[in-house]
Amino acid sequence: MAPLGPFEPAPRVAVAVSGGSDSLALCLLADRWARARGGTVFGLTVDHRLRLASGAEAAQVRRWLATRAISHRTLRWTGTRPVSRIQEEARAARLALLVGWCRQAHVLHLLLGHQQEDQAETVLQRLVRGSGIDGLAAMAPVRLAIESDGGGVRMLRPLLPVPRDALTATLALWDQPWIDDPTNRDTCHTRPRLAAALAQLGPEGLSAARLAKVAERAAEDRAALDGLCSDLLARSAHPAPGGFVTLDRCILRHAPPALALRALSRAVTTAPALLILRGWSVWNGWRSGCAAITSGRQRSAAVVWSRKGMDDSSFAGSLRQPRRSFRSRRATVRSGTADSSSHSARPPGRGHSSCAGSARTV
Ligand SMILES: Nc1ncnc2c1ncn2[C@@H]1O[C@H](COP(=O)(O)OP(=O)(O)OP(=O)(O)O)[C@@H](O)[C@H]1O
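In this text the structure is predicted, and so the values were computed from the model without any measurement. (Residues numbered from 1 in each chain as written. Predicted model: local features only at pLDDT ≥ 70, side-chain atom pairs only at ≥ 80, totals over all residues. Heavy atoms only, no water.)

**Q** Whenever I open this one, the site of the ligand confuses me. Can you help?
**A** In the vicinity of the ligand lie 16 residues, with Ala16, Ser18, Ser23, Val46 and Gly113 positioned nearest. The separation between an oxygen atom of the ligand and a polar main-chain atom of glycine 20 is 3.5 Å. The separation between an oxygen atom of the ligand and a polar main-chain atom of glycine 113 is 2.9 Å. Taken by itself the ligand offers 570 Å² of open surface, and the protein chains cover 84% of this. Residue assignment for the shell around the ligand shows that the elements contributing at least two residues are α1 (21-35) and β2 (40-47). A class-by-class count of the residues in the shell around the ligand yields five nonpolar, nine polar and two charged. (Near = heavy atom within 4 Å. Polar contact = N/O pair within 3.5 Å; in protein donor to acceptor, adjacent residues only side chain to side chain. Areas by Shrake-Rupley, 256 points an atom, 1.4 Å probe, with all protein chains shown as cover. Helix = DSSP H or I, 4+ residues; strand = E, 2+ residues; numbered from the N terminus. Nonpolar A, V, L, I, M, F, W, Y, C, P; charged D, E, K, R; others polar.)

What follows is the structure, given as structure tokens:
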């Protein structure tokens with residue numbers, strides 16, 4: 001696994017502790033690691049207030065950590081209870097609370113307790129969705145959570161290669177009980193069903209360790225492709241008048257399609273305005289600021305306009321391309337392709353955030 005550091009000399013780290021075996025073990029292990037370096041651990045428990053027991057569980061975690069002289073904070077979710085996608089909403093709210101606390105306390109590292117089985121289930125989930133290597137790379141051991149003001153927190157998952165059994169054994173050794181959340185076994189939820197599927201395939205040789213290895217390899221391949229993609233963008237992007245960036249279609253056209261699409265996808269997600277088209281063609285040159293690459297095979301494509309340059313990570317820019325030009329260009333694309341998307345009927349500058357969502361799937 002990639003190194004989790006760097007850490008400051010006396011590291012101050014927060015650990016997200018639900019009270020389950022994984023995050024509790026992580027908190028105790030992190031505490032030992034930090035103390036040995038003169039650092040401090042803060043245990044953070046989010047009380048989602050979605051279950052009756054959640055307040056009592058947070059208080060229990062606090063007591064357990066207090067006996068080991070580990071600081072603890074309970075963060076309460078005060079938002080209105082969502083009516084649908086409760087798990088996703090709760091996870092998003094939890095991360096926002098955890099990252100927000102770290103920012104305010106000037107803690108740079110937030111540790112999460114996902115372990116090998118969690119990673120394996122994520123890989124299975126992505127396989128079911130038909131993901132490519134980006135999806136199969138599953139959860140990253142290190143991720144930056146960047147907030148709107150540009151500040152950020154490093155989210156670390158040190159336990160991804162560690163099997164759950166090793167963690168429960170560690171807790172048993174230290175005589176530390178944990179909270180057993182029955183919803184983790186409730187087959188109404190996807191993850192317990194995936195865990196059951198994984199267990200069923202055990203006799204065929206499939207294991208959490210193997211699936212976690214798939215994720216690790218996919219992450220390595222993705223990193224290599226990302227490097228090639230950066231080279232390709234550096235070679236194909238040229239500044240154009242008016243603050244635009246033009247992507248050189250010849251260079252993109254001669255790149256392997258998977259790489260060219262990745263480059264376009266990267267350009268789309270870093271450009272202030274974009275539009276999705278479909279078909280198979282590569283072209284550019286519309287008012288010096290437009291480039292497109294599309295793939296019939298993947299049925300997705302992107303047109304990128306950038307006023308500020310390829311490195312601009314904001315979607316805030318507005319686009320004032322004349323509709324007429326857009327339509328005529330769209331006709332050109334259609335004439336050379338088998339398919340055209342309803343997205344393409346959207347004039348530039350309108351609703352580009354929905355296009356942004358599609359762009360990530362490019
Ligand atoms: N209520 C919470 N408060 C703080 N952190 C949480 C909470 N719920 C989950 N986490 C963090 O997210 C990680 C993954 O969440 P997940 O729902 O898979 O864990 P869990 O099964 O509830 O608990 P554990 O992973 O500790 O056994 C946890 O290991 C923990 O670091």
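**Q** Just to check I follow, could you spell out the packing of aromatic side chains for this structure?
**A** The relative placement of two aromatic rings is captured by the distance of their centres and the angle of their planes. All chains considered together, the criterion is met by two aromatic pairs. Pairing phenylalanine 7 with tryptophan 33 gives two aromatic rings, centres 4.9 Å apart and planes at 65 degrees, and the pair type is edge-to-face. One end of the pair, phenylalanine 7, is in the segment before β1 (12-16); the other, tryptophan 33, is in helix α1, and 26 residues separate them in sequence. Under the relative-accessibility criterion, phenylalanine 7 is labelled partly exposed at 28%. Among the residues examined, tryptophan 33 registers a relative accessible area of 28% and is labelled partly exposed. Against the face of phenylalanine 7 rests arginine 154, its NZ or CZ located 5.9 Å from the ring centre. (Phe/Tyr/Trp six-rings, centres within 6.5 Å; stacked < 30°, edge-to-face > 60°. Buried < 20%, exposed > 50% of the residue type's maximum accessible area, 1.4 Å probe, protein only. Lys NZ or Arg CZ within 6 Å of the ring centre and 35° of its normal.)

**Q** Can you walk me through the nonpolar core in this structure?
**A** Looking at soluble globular proteins, one finds that nonpolar side chains tend to be buried together. If you look at the biggest cluster of nonpolar residues, it comprises 23 residues, and the most contacted ones within it are Val15, Cys27, Val41, Leu65 and Leu111. Listing elements by their share of this core, those giving two or more residues are β1, α1, α2 (54-67) and α6 (164-173). The greatest single-element share of this core, amounting to seven residues, is contributed by α1. Beyond its immediate sequence surroundings of up to four residues, cysteine 27 is in contact with Val15, Val17, Val41, Gly43, Leu65 and Ile70. (Core = buried A, V, L, I, M, F, W, Y, C linked by side-chain atoms within 4.5 Å. Contact = heavy atoms within 4.5 Å.)

**Q** Would you explain the environment of valine 46 in this entry?
**A** For valine 46, the position within the fold is in strand β2. Judged by its relative accessible area of 13%, valine 46 is buried. Taking the C-alpha atoms as reference, valine 46 lies 8.5 Å from arginine 73; in sequence the two are 27 residues apart. Other than its neighbours up to four places away in sequence, valine 46 contacts Leu75, Arg94, Leu97 and Leu98.

**Q** Before we go on, may I ask you to explain the packing of helix α4 (residues 116-128) against helix α8 (residues 208-236) in this structure?
**A** The geometry of a pair of packed helices is captured by two quantities: the angle between their axes and the separation between those axes. Look at α4 against α8: their axes get within 8 Å of each other, and the N-to-C directions meet at 65 degrees. Compared by their axis directions, α4 and α8 come out roughly perpendicular. Between α4 and α8 lies a crossing whose hand is left-handed. Across from Gln116, Glu117, Gln119, Ala120, Val123 and Leu124 in α4, the residues of α8 making contact are Ala208, Ala209, Leu211, Ala212, Val214 and Ala215. (Axes fitted to C-alpha atoms, helices over the stretch in contact; angles between N-to-C directions. Parallel < 35°, antiparallel > 145°, perpendicular 65-115°, else oblique. Left-handed = near helix turned anticlockwise from the far one by under 90°.)

**Q** Can you help me understand the sheet that holds β1 in this one?
**A** Ordered in space as β3-β2-β1-β4-β6-β5, the six strands form an open sheet in which the pairing is mixed. What marks the edges here is a single partner per strand, and that holds for β3 (71-76) and β5 (142-146). Each strand axis lies, on average, 30 degrees off the axis of its neighbour in the sheet, ignoring direction. Of the pairings in the sheet, the one linking β1 to strand β4 (residues 109-111) comprises three bridges and is parallel in character. In the strand pairing of β4, alanine 14 is matched with leucine 110. (Pairing = 2+ DSSP bridges.)

**Q** In this structure, what is going on with the side chain of glutamine 125? I would like to understand it.
**A** Tracing the backbone shows glutamine 125 in helix α4. Taking the relative accessible area as the measure of exposure, glutamine 125 reaches 19% and is therefore buried. Sequence-distant contacts of glutamine 125, that is, excluding residues within four places in its chain, are made with Thr190, Arg191 and Leu194.

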